[in-house]
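# Secondary and tertiary structure notes
The primary structure of each chain is shown beneath.
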Amino acid sequence: MPEPVLAEIAKPVIHHRTSQFRDIFADLSQRLQRLFGTEGPVLTLAGSGTTAFEAAQVSLIAPGPAPRALTVASGKFGERWQDIYQACRVEQIRLNVTWGSCPTAEQVAQALQENPDISVVTLVHSETSTATACDLQSIAQAVREHGCDALLIVDGITSVAALPLHMDEWGIDVLVTGSQKALMLPPGLGFVGLGPRAVHRLQQVKPDGCYSLDLRRWLESWQDRDVPFTPPVNLIRGQRLALEMIESHGIADVWARTAELADMTRGRLQSMGLQLISDSPSDSLTGAFYPSGVNDGAFRAALREKHAIQIAGGQDGRGGQWKGKIFRISHMGHVDADDTRAALDAIETQLTAAGHAIG
Ligand SMILES: *Cc1c(COP(=O)(O)O)cnc(C)c1O
């Protein structure tokens, strides 16, 4: 997170039912629309990325045996969206893809062909648990061309402000992200962009068993430049400033920097003799398998304690057991080539210390 954003968040708290707050909120909303590439509303919810995605899921399809959702999973987060529909008793067709690979437009088109009653499709653009990105533009096109009225709900939590993405141009109905990945803010905000088909669907579906996650409430307030419940005022201020910083660089520059850091990281890790975890790597982060003999906990603790560098480990899910087997490096947010080189140097040092021979 950039220092000016942290300083903005530290300012005194203003009351949220004031014109001062409404001006800040309206400015944030416009910046979010430009970032998402949409003319439609982008709602700002208090909560994490999961809160925002769950709100989109439960607001756009009612529980029961029909219609059904097509839920695409190729990692931990896609599996979570399946778990949410399971918990809410929405009937789903699961399309599961091997961890480290990405779902394709052909697979999605075929699943829609075989199941004409699908009314929403959930998809993760950048699957952070496997550091894998899919071809979102082609998949969105496949959903549109299929001719059914299925809505495409996209988890863009590690792709918005990291990977090239144009919501309206690509025909994405719902795009969700969170504040703490590429948006340079602490955790606490979730965002839901709604295209025209999604806005229309909201008026038709009667969500069951939810109140504060019912997006109709958020949309109604948004149209009035407002929020339905007490918002995290200071995070909203901070997010407004972070987006101003992103826009002052230009979003294309941010995408290019992310891609350069990813490219450099993949090259360095491979030259250390490591195998990447993905056959379709996302530029927002890079993951590699540990070489044999390196202990995950000890390795990451050494990076943290000796080098002040925080990287992530792996996760376990239904489609993979990667806890202790992999590590992941972020290229999102307020991070540059010097930070990334320092991390890679430290990784090389600690791998060598753990007995991995680097040629
Ligand atoms: C981090 C992440 C989530 C979960 O977001 P929370 O803010 O932790 O709820 C979901 N999907 C993806 C792709 C993520 O990277």
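Residues numbered from 1 in each chain as written. Predicted model: local features only at pLDDT ≥ 70, side-chain atom pairs only at ≥ 80, totals over all residues. Heavy atoms only, no water.

A few words now on the domain arrangement of the protein. Splitting the protein by domain gives domain 1 (3-249) and domain 2 (251-353). The straight-line distance from the C-alpha centre of domain 1 to that of domain 2 is 26 Å. At the boundary of domain 1 with domain 2, total buried surface from both sides reaches about 2400 Å², with 58% on carbon and sulfur atoms. Arg318 serves as the salt-bridge partner of Asp83, at 2.9 Å between the closest nitrogen and oxygen. Taken together, domain 1 and domain 2 are joined by 15 residue pairs in polar contact (both at pLDDT 80 or more). Mapped onto the side of domain 1 that touches domain 2, the elements with two or more residues apiece are helix H4 (76-87), strand S6 (132-133) and helix H10 (233-249). Among the elements that take part in the side of domain 1 that touches domain 2, H4 stands out by supplying five residues, more than any other. (Domains from an automatic or database assignment. Buried area = accessible area lost by both parts, 1.4 Å probe. Salt bridge = Lys/Arg side-chain N within 4 Å of Asp/Glu carboxyl O. Polar contact = N/O pair within 3.5 Å; in protein donor to acceptor, adjacent residues only side chain to side chain. Helix = DSSP H or I, 4+ residues; strand = E, 2+ residues; numbered from the N terminus.)

You can see Ile329 is positioned in strand S11 (residues 326-330). Residues Ile329 and Gly313, spaced 16 residues apart in sequence, show a C-alpha to C-alpha distance of 9.0 Å. What Ile329 contacts, discounting residues up to four positions off in sequence, is Thr265, Leu269, Leu285, Thr286, Ile311, Leu344 and Ile347. (Contact = heavy atoms within 4.5 Å.)

On to the site of the ligand. Taken together, 14 residues surround the ligand, and among them Ser48, Thr50, Thr128, Asp155 and Lys181 come closest. At a separation of 2.8 Å, an oxygen atom of the ligand approaches a polar backbone atom of Gly49. Between Asp155 and the ligand, the recorded distance is 2.7 Å, taken from a side-chain N or O atom to a nitrogen atom. Surface burial for the ligand is 89%, taken as the share of its 380 Å² of free accessible area covered by protein chains. Of all the elements in the fold, those that place two or more residues in the shell around the ligand are helix H3 (49-60) and H4. Per-element accounting of the shell around the ligand gives the leading share, three residues, to H4. (Near = heavy atom within 4 Å. Areas by Shrake-Rupley, 256 points an atom, 1.4 Å probe, with all protein chains shown as cover.)

What follows covers the packing of helix H11 (residues 251-271) against helix H13 (residues 337-353). Direction vectors running N to C along H11 and H13 enclose 15 degrees, while the axes themselves pass 10 Å from each other. As summarised for this structure, H11 and H13 are arranged roughly parallel, according to the angle between their axes. For the pair H11 and H13, the crossing hand works out as right-handed. Residue-level contacts link Leu261, Met264, Thr265, Arg268 and Leu269 of H11 to Ala337, Thr340, Arg341, Leu344, Asp345, Ile347 and Glu348 of H13. Here the residues of the contact of H11 with H13 sort into six nonpolar, two polar and four charged. (Axes fitted to C-alpha atoms, helices over the stretch in contact; angles between N-to-C directions. Parallel < 35°, antiparallel > 145°, perpendicular 65-115°, else oblique. Left-handed = near helix turned anticlockwise from the far one by under 90°. Nonpolar A, V, L, I, M, F, W, Y, C, P; charged D, E, K, R; others polar.)

Turning next to the pairing of strand S2 (residues 64-73). The pairing of S2 with strand S3 (residues 90-96) spans six bridges and is parallel. Note on S3: the bridge partner recorded for Ala73 is Asn96. This β-α-β element, S2 to H4 to S3, shows right-handed connectivity. Across four bridges, the pairing between S2 and strand S4 (residues 118-124) is parallel. Residue Ala69 lies in a different strand from S4, and its bridge partner there is Val120. (Pairing = 2+ DSSP bridges. Right-handed = clockwise from strand over helix to strand, strands pointing away.)

Counted according to the given criterion, the structure contains nine aromatic pairs. Where Phe53 meets Trp81, the ring centres are 4.1 Å apart and the plane angle is 20 degrees; that geometry is what we call stacked. Taken together, the residues Phe53 in helix H3 and Trp81 in helix H4 connect sequence positions 28 residues apart. According to the relative accessible area criterion, Phe53 is buried, its value standing at 0%. Take Trp81: its relative accessible area is 1%, and that puts it in the buried class. Judged by centre distance (5.5 Å) and plane angle (90 degrees), the ring pair of Trp99 and Trp322 falls under edge-to-face. (Phe/Tyr/Trp six-rings, centres within 6.5 Å; stacked < 30°, edge-to-face > 60°. Buried < 20%, exposed > 50% of the residue type's maximum accessible area, 1.4 Å probe, protein only.)

Inspection of every chain in the model, using the stated rule, returns 23 salt bridges. As a salt-bridge pair, Arg237 and Glu8 come within 3.4 Å of each other at their nearest N and O atoms. Taken as a pair, Arg237 in helix H10 and Glu8 in helix H1 (residues 3-9) lie far apart in primary sequence, 229 residues in all. On the accessibility criterion, Glu8 (12% relative accessible area) is buried. Via salt bridges that share partners, Asp27, Arg31, Arg34, Arg240, Glu244 and Glu247 belong to a single interconnected network.

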